[in-house]
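# Survey of secondary and tertiary structure
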Amino acid sequence: MALPHVVSSPSSTSLSPSFKSKPPLRSLSPTLDNRRRCKLNSSFRCSSSSFSEKHHNNAKSPKSDDIVELPLFPLPLVLFPGAILPLQIFEFRYRIMMHTLLQSDLRFGIVYSDSVSGSAAEVGCVGEVVKHERLVDDRFFLICKGQERFRVTNLVRKKPYLVGEVTWLEDRPSGEENLDSLANEVEVLMKEVIRLSNRLNGKAEKEVQDLRRNQFPTPFSFFVGSTFEGAPREQQALLELEDTAARLKRERETLRNTLNYLTAASAVKDVFPSSS
């Protein structure tokens, strides 16, 4: 999914999302701490290719009650379905993982690992390698796209890299909620946040084009969450929600808070232009 080409919000608060046209290449060497939020154990019951074998035939429509084994990659970021993530793989164990994936299914699980506490979330998102480049020193450059969400229920392997049993997550029906109306509200708020953000950063106040691009409410809610860079805990909370209406409402509140901040900052700039 192409992200809108806009600038970052100047707010320093974790509730202020930033918007970028292309995410930066990330060079990471993550680890998982024993204080993970999900209940995991070290029993060794799988091969690294088991996800490919069990999931391949049903890759297009995984069922929520399916249990599969999936290589896990803990990172200090949150991947959403449909989002694009560039990565550089240089740590030895994840280079091993890549060699295995290249021989089987180019899919692995990305889970958010808190850089402060060291704990890892139990809900993550499958990253599918859509483009890769192997360098002479055996590092890899990857472009990944977010696919299905999952919940880690058991850790079945720790070395040379993590492999876990996962079940799939799907949003539940939202009852009588008008999802299209909620999605349209969120889009309007996003456009205004982008406009004010551009203004505060000295960019031309161009009319923001269609952000939703005919997406259904659920994938649009994931797209919105993916733009909240700099607030990974909030992103993780959005990823874990299993109700599209609840996710859109939470995003609406975040965008309203951001818009209030930007409106106040814009008013200050108008009164004291030299202070910007």
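Residues numbered from 1 in each chain as written. Predicted model: local features only at pLDDT ≥ 70, side-chain atom pairs only at ≥ 80, totals over all residues. Heavy atoms only, no water.

### Some thoughts on the overall build of the protein
Quick note on the threshold: Helix and strand definitions follow DSSP, with helices as H or I runs of at least four residues and strands as E runs of at least two, each counted in order from the N terminus. Accessibility here uses a 1.4 Å probe with only protein chains present; expressed as a share of the type maximum, an area under 20% marks a residue as buried, one over 50% as exposed, and anything in between as partly exposed. Contact definition: two residues touch when any of their heavy atoms are within 4.5 Å. Where accessible areas are quoted, they stem from the Shrake-Rupley method and a 1.4 Å probe; at the residue level, only the protein chains shown are allowed to cover.
The helix and strand inventory of the protein stands at six helices and seven strands. The order of α-helices and β-strands along the protein, N terminus first, is β-α-β-β-α-β-β-β-β-α-α-α-α. Out of the 276 residues belonging to the protein, those deemed buried represent 50%. When contacts within the protein are restricted to residue pairs at least 6 apart in sequence, those whose partners lie at least 24 apart make up 72%. Approximately 13,500 Å² of the protein is accessible, and the part contributed by carbon and sulfur atoms is 50%.

### A few points about unusual backbone geometry
Cis geometry is adopted by the peptide bond preceding Pro-160, which originates at Lys-159 and carries an omega value of 0°. Despite not being glycine, Asp-138 has its phi angle at roughly 75°, a positive value. Note on placement: Asp-138 falls in the loop between strand 5 (120-134) and strand 6 (140-157). Positive phi values are uncommon outside glycine, yet Arg-213 reaches one of about 50°.

### What to know about a nonpolar patch on the surface
Applied cut-off: Candidates for patches are residues over 30% relative accessible area with no salt bridge; among them, like charges are joined within 9 Å and nonpolar side chains (Val, Leu, Ile, Met, Phe, Trp, Tyr) within 5 Å. We define a salt bridge as a contact between a side-chain nitrogen of Lys or Arg and a carboxyl oxygen of Asp or Glu at a distance within 4 Å.
Residues Val-268, Val-271 and Phe-272 make up a contiguous nonpolar surface patch of roughly 290 Å² in combined accessible area. Mapped onto the elements, Phe-272 comes out in the segment after helix 6 (244-271).

### Observations concerning helix 3 (residues 179-200)
To keep things clear, this is the line we draw: In this scheme, a helix's expected span is set at 1.5 Å multiplied by one less than its residue total. Identification of polar contacts relies on pairs of N or O atoms within 3.5 Å, with a donor-acceptor requirement for protein atoms, meaning one able to donate a hydrogen and the other able to accept it, and with residues adjacent in sequence counted only if both atoms are side-chain atoms.
In this model helix 3 runs 32 Å from its N-terminal to its C-terminal C-alpha over 22 residues, within 8% of the 32 Å that 1.5 Å per residue would give. Within helix 3, the full set of buried residues consists of Leu-182, Ala-183, Val-186, Glu-187, Leu-189, Met-190, Val-193, Ile-194, Leu-196, Ser-197, Asn-198 and Leu-200. Its side-chain oxygen at 3.3 Å from the backbone nitrogen of Asp-180, Asn-178 defines the N-terminal cap of helix 3.

### Let's talk about the pairing of strand 6
Cut-off, in case you're wondering: The criterion for strand pairing is that DSSP finds at least two bridges linking the strands in question.
Inspection of the sheet shows strand 3 (residues 84-89) paired to strand 6 by six bridges, in the antiparallel sense. What sits directly across from Gln-88, in strand 6, is Phe-141. Strand direction decides the pairing type here: strand 5 and strand 6, joined by ten bridges, are antiparallel. When the sheet's bridge partners are listed, Glu-133 is paired in strand 6 with Phe-141. In textbook terms, the turn of a hairpin is the stretch between consecutive antiparallel strands, and for strand 5 and strand 6 this stretch comprises five residues, one of which, Asp-138, has a positive phi near 75°. As paired strands, strand 6 and strand 7 (residues 162-169) are joined by seven bridges and run antiparallel to one another. Looking at the pairing, Leu-155 lines up with Gly-164 of strand 7. From the end of strand 6 to the start of strand 7, which pair antiparallel, there are four residues.

### Section: the nonpolar core
Our working definition: Nonpolar core, defined: a set of buried Ala, Val, Leu, Ile, Met, Phe, Trp, Tyr and Cys residues in which side-chain atoms within 4.5 Å join the residues together.
With 51 residues, the main nonpolar core has Leu-87 and Phe-108 as its most contacted residues. Ranked by residue count, the leading element in this core is helix 3, at nine residues. If you look at the next biggest cluster of nonpolar residues, it comprises eleven residues, including Leu-70, Val-111, Phe-150 and Leu-162.

### Structural notes on the pattern of salt bridges
In total, this model carries 19 salt bridges according to the counting rule given. As a salt-bridge pair, Lys-191 and Glu-187 come within 4.0 Å of each other at their nearest N and O atoms. Taken as a pair, Lys-191 and Glu-187 lie in helix 3 at a separation of four residues, close to a single helical turn. You can call Lys-191 partly exposed: its relative accessible area is 27%. Residue classification places Glu-187 among the buried positions, given a relative accessible area of 9%.

### Some details on the packing of aromatic side chains
The condition is simple: Centres within 6.5 Å make a pair out of two Phe, Tyr or Trp rings, where for Trp the six-membered ring is used; the pair is then stacked when the planes are under 30 degrees apart, edge-to-face when over 60, and tilted otherwise. Over a ring means this: the NZ of a Lys or the CZ of an Arg is within 6 Å of the ring centre and within 35 degrees of the ring normal.
For the coordinates displayed, the defined rule picks out four aromatic pairs. Here Phe-80 and Phe-222 contribute two aromatic rings whose centre-to-centre distance is 6.5 Å and whose plane-to-plane angle is 45°, an arrangement assigned as tilted. In this pair, Phe-80 is assigned in the loop between strand 2 (67-75) and strand 3 and Phe-222 in helix 4 (residues 217-226), connecting sequence segments 142 residues apart. Each member of the pair, Phe-80 together with Phe-222, is buried. Ring-pair connections join several aromatic residues into one group, and the members of that group are Phe-73, Tyr-94 and Phe-108. The ring of Tyr-161 carries Arg-157 above its face, with NZ or CZ at 5.4 Å from the centroid.

### Re the side chain of Glu-234
Counting through the fold element by element, Glu-234 comes out in helix 5 (residues 232-240). For Glu-234, a relative accessible area of 13% puts it in the buried group. Leaving out residues up to four positions away in the same chain, Glu-234 has contacts with Phe-228, Arg-250 and Thr-254.

### Points about helix 4
Burial analysis of helix 4 places eight of its ten residues in the buried class, the great majority of the element. Among the residues of helix 4, those classed as buried are Pro-217, Phe-220, Ser-221, Phe-222, Phe-223, Val-224, Gly-225 and Ser-226.

### Digging into the pairing of strand 5
One ladder, built from six bridges, connects strand 4 (residues 107-113) with strand 5; its direction is antiparallel. Bridge assignment links Phe-108 to a residue of strand 5, and that residue is Gly-127. Counting the residues that bridge the hairpin from strand 4 to strand 5 gives six residues, and of these Gly-118 lies at a positive phi of roughly 80°.

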